[in-house]
Amino acid sequence: MRSSRVITDVAEVGPVVDPVPRQVSAHGTAAPGVRTRSQHQRRKRIVQAAAALASRGGVEAMQMRTVAERAGVALGTLYRYFPSKMDLVVAVVGEELDLLESSIERRPPQAATPAGRAVDVLMRATRGLMREPELADALIRSLIMAEVDTPFGDRMTGLLLRVAADGLTPERATEEQFALAGSLSSVWVHELLEMLRSRRTYEQIQRRIEIAADRLLADF
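This is a predicted model, so every value here is computed, not measured. (Residues numbered from 1 in each chain as written. Predicted model: local features only at pLDDT ≥ 70, side-chain atom pairs only at ≥ 80, totals over all residues. Heavy atoms only, no water.)

S.K.: Would you take a moment to explain the side chain of Glu 191 for this structure?
M.R.: Its place among the elements puts Glu 191 in helix 8 (residues 175-196). Contacts of Glu 191, omitting those with residues within four sequence positions, involve Arg 200, Ile 205 and Arg 208. (Helix = DSSP H or I, 4+ residues; strand = E, 2+ residues; numbered from the N terminus. Contact = heavy atoms within 4.5 Å.)

Written out as structure tokens, the structure is:
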């Protein structure tokens, strides 16, 4: 089974009701941590199955019944974790963002300027996404049309703030700083869509993002 690994080098939904009974200790109480571990593993299989299907056929291929079959879970179990397809899309995006953040922690951007560090992150994400263009297209298009709350924009904005301004968090950033980082994130999403539509080359995207970063992050 393909493991979701799109944004490297380059959402968690709320509590669920697990249909599998908890293991019980000799004293008749639930063994600590067992249920949580089981839920985490099952959820991960579901997200990986959804990502694998989307990488071959876009969101249209992420039929809930097909995802359940590929993940080896009952359809009812899938709906307990993800009430809709869009919730599942958001979860796939969340995992990709986790991977991007881990990549940044392992290899922080080394550019001397805030704009240079932000461009490093965005182009690293671009390279990763374009390794799976079907999945990238499915994720970006679905998020633009999302009918559920998604942390994608705020998480990307927060990541750009951290790398551009030496660990600045959204809570400590000024309203202007948060807006400028968010605008740069929006520019990246738009340019990525243009690339997926074959209207931009990688080099053109990089140049446009460099220009936007230089202007937007000039005072960071």
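S.K.: Just to check I follow, could you spell out helix 5 (residues 114-130) for this structure?
M.R.: With 17 residues, helix 5 extends 25 Å from end C-alpha to end C-alpha; this agrees with the ideal 24 Å at 1.5 Å per step. The element helix 5 is extensively covered by neighbouring structure, given that 13 of its 17 residues are classed as buried. (Expected span 1.5 Å × (residues − 1). Buried < 20%, exposed > 50% of the residue type's maximum accessible area, 1.4 Å probe, protein only.)

S.K.: Help me understand the environment of Ser 103 in this model?
M.R.: Residue placement: Ser 103 occurs in helix 4 (residues 85-106). Once the C-alpha coordinates of Ser 103 and Arg 124 are considered, the two residues, 21 residues apart in sequence, prove to be 9.3 Å apart. At a separation of 3.3 Å, a polar atom in the side chain of Ser 103 contacts the side chain of Arg 124. (Polar contact = N/O pair within 3.5 Å; in protein donor to acceptor, adjacent residues only side chain to side chain.)

S.K.: Help me understand the packing of aromatic side chains, please; the structure alone is not making it clear to me.
M.R.: How two aromatic rings sit relative to each other is given by the distance of their centres and the angle of their planes. Applying the stated criterion to the full structure yields one aromatic pair. With centroids separated by 6.5 Å and ring planes inclined at 35 degrees, the aromatic side chains of Tyr 81 and Phe 82 adopt a geometry described as tilted. Classification of Tyr 81 by relative accessible area gives buried; the value is 2%. (Phe/Tyr/Trp six-rings, centres within 6.5 Å; stacked < 30°, edge-to-face > 60°.)

S.K.: How should the environment of Thr 169 be read in this particular structure?
M.R.: The topology assignment puts Thr 169 in the loop between helix 7 (152-164) and helix 8. For Thr 169 and Thr 157, which are twelve residues apart along the polypeptide, the C-alpha to C-alpha distance reads 9.6 Å.

Purely spatial values, then, with no claim about function.
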